[in-house]
Amino acid sequence: MWGEEELPPTWAELIRAQSGDLLLFVAFAALVLIGFRRKSIPIKIATLVASVLYLGLYKSELISVVNVFGLLTWNLPILQYSLGWYLFATFTLVSTVLWGRLYCGRMCAFGALTQLIDQVVPRRWRYQIPLRIERRVNYIKYGILAATLSYFFATKDIAAFRYVEPFWMFTGRGTTPLWIAVGVLLVASVFVSNLYCRLLCPTGAFLGIVSNLAVFRIKRWSECKTCRICEKACEWGAIDGARIIQSECVRCDVCEQLYANEKKCPHHIILIRKADIMARRSVAPTAQAVP
Ligand code: SF4
Ligand code: SF4
């Protein structure tokens, strides 16, 4: 009736209205976790493709330095009308605290795009940044994070995020100079794998800081100190001898697959050889005792 106040929607109504969005994210998160737990390369590739299609092209929703600023100033979307976003942001934060930068390794649509580029570009085209240089230049992203947040705090001009993050590209709306910059970045990513994520991304830097809290970390053998197989295989410059550099690791699975590989990892090869020698020694006297 005229003059009557309209009642706010109930939680049940809100959840029902956003259920499609929530279910899609739950399905995507399940794919992320199943691939991660099984260390399955095909599921991981499927997750990266899903990330580009779903989070990138369909939703154009990525965790951004603007969200980091929003978190620090407690200026966040209204909960009732953004349930899907809260589920996404909470999953990102909780998974980072549990395992590290799982978000960067398989959820972020831009990171997924550059990882998919890596899958199709011949390995010989790639330039591997020497580790001693990478250890220094990967601090650039922390500088960009500090500078961007300082700028946001000083001016409140969050639209400037476009100059430090290419994520807007999934919306298809950008100025010519920005498109040229993204084009250059993507071409450079062909030759230096995951260039933006490793060196420049302020969101990756923030998640890197949070991932120092990670509860479940990658296991290493004592042999890792001298064997450098994983260190060389890690395309993220996140291994230093036996040590995983927590803030740089995106839980890509490569070193964990090597860790468990009985044919490639020296830890297993040494154990198998020792067991073989022991077995031969225990057989030898019996053989001699036969007349
Ligand atoms: S480092 Fe940045 S661009 Fe790369 S995957 Fe992480 S959030 Fe995305
Ligand atoms: S190879 Fe290992 S240390 Fe390097 S990013 Fe992948 S999971 Fe992390």
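Residues numbered from 1 in each chain as written. Chains lettered and ligands numbered in written order. Predicted model: local features only at pLDDT ≥ 70, side-chain atom pairs only at ≥ 80, totals over all residues.

Peer 1: Would you mind going over the overall build of the protein chain with me for this structure?
Peer 2: From N to C terminus, the protein chain includes 15 helices and 2 strands. Against the compact-globule benchmark of 19 Å for 291 residues, the protein chain has a radius of gyration of 24 Å, which places it well outside the compact range. Of all 291 residues assigned to the protein chain, the portion counted as buried reaches 29%. For the protein chain, restricting intrachain contacts to residue pairs at least 6 apart in sequence, the fraction spanning at least 24 positions comes to 73%. (Helix = DSSP H or I, 4+ residues; strand = E, 2+ residues; numbered from the N terminus. Rg over C-alpha atoms; globule rule 2.2 N^0.38 Å. Buried ≥ 20, exposed ≤ 12 C-beta atoms within 10 Å, placed from the backbone. Contact = placed C-beta atoms within 7 Å.)

Peer 1: Would you take a moment to explain unusual backbone geometry for this structure?
Peer 2: Leaving glycine aside, a negative phi is the common case for residues, and trans is the common case for peptide bonds. We note that Asn194 has phi near 50°; this positive angle belongs to a residue other than glycine. Counting through the fold element by element, Asn194 comes out in the loop between α10 (176-191) and α11 (195-200). Residue classification places Asn194 among the buried residues on the basis of 22 C-beta atoms within 10 Å.

Peer 1: Could you clarify how one ought to interpret the site of ligand 2 in this entry?
Peer 2: Taken together, 14 residues lie near ligand 2, and Cys234, Cys249, Cys252, Val254 and Cys255 sit nearest. A per-element tally of the shell around ligand 2 places helix α14 (residues 254-260) first, with 3 residues. Looking at side-chain class alone, the shell around ligand 2 contains 11 nonpolar, no polar and 3 charged residues. (Near = placed C-beta within 6 Å. Nonpolar A, V, L, I, M, F, W, Y, C, P; charged D, E, K, R; others polar.)

Peer 1: Whenever I open this one, the site of ligand 1 confuses me. Can you help?
Peer 2: The environment of ligand 1 is formed by Cys104, Cys108, Phe110, Gly111, Tyr196, Cys197, Cys201, Thr203 and Gly204. Looking at the shell around ligand 1, the elements that each hand over two or more residues are α7 (109-120), α11 and α12 (202-210).

Peer 1: Which parts of the structure should I look at to understand the packing of helix α3 (residues 41-58) against α7?
Peer 2: To describe two helices that pack against each other, one gives the angle between their axes and the distance between the axes. Axis separation between α3 and α7 bottoms out at 8 Å; the angle between their running directions is 135°. Here α7 runs oblique to α3, going by the angle between their axes. The crossing of α3 and α7 is left-handed. In contact with Ile45, Leu48, Val49, Ser51, Val52, Leu55 and Gly56 of α3, α7 contributes Ala109, Ala112, Leu113, Gln115, Leu116 and Gln119. Across the contact of α3 with α7, the residue classes tally to 9 nonpolar, 4 polar and no charged. (Axes fitted to C-alpha atoms, helices over the stretch in contact; angles between N-to-C directions. Parallel < 35°, antiparallel > 145°, perpendicular 65-115°, else oblique. Left-handed = near helix turned anticlockwise from the far one by under 90°.)

Peer 1: What should I look at first to understand the environment of Ile270 in this one?
Peer 2: With respect to the helices and strands, the residue Ile270 is situated in helix α15 (residues 266-289). Overall, Ile270 belongs to the partly exposed group, with 13 C-beta atoms counted inside 10 Å. Considered as a pair, Ile270 and Glu223 are 47 residues apart in the sequence and their alpha carbons are 9.6 Å apart.

Peer 1: What exactly am I supposed to notice about the confidence of the model for the protein chain here?
Peer 2: Low pLDDT means the predicted atomic positions in that stretch should not be read closely. Of the residues in the protein chain, 96% have a pLDDT of 70 or more, and the chain-wide mean is 92. Of all secondary-structure elements in the protein chain, the lowest mean pLDDT belongs to α15, at 76, while α12 reaches the highest, 98. (pLDDT = per-residue confidence, 0-100.)

Peer 1: Where do I start with helix α9 (residues 140-155) in this structure?
Peer 2: Each α-helix winds once per 3.6 residues, and so residues spaced three or four apart point in a common direction. For α9, spanning 16 residues, the distance from its first C-alpha to its last is 22 Å, which sits close to the expected 22 Å at 1.5 Å a residue. Along α9, the positions that sit buried rather than exposed are Lys141, Ile144, Leu145, Thr148 and Phe152. Projection of α9 onto a plane perpendicular to its axis shows the buried side chains occupying an angular sector of 100°, all on one side. Pointing more than 90 degrees away from the buried face of α9 are the exposed residues Gly143, Ala146, Ala147, Ser150, Phe153 and Ala154. Packing partners of the buried residues in α9 comprise α4 (65-72), α11 and α12. In the segment just after α9, Lys156 is the residue with positive phi, at about 65°. (Expected span 1.5 Å × (residues − 1). Arc of directions from axis to C-beta.)

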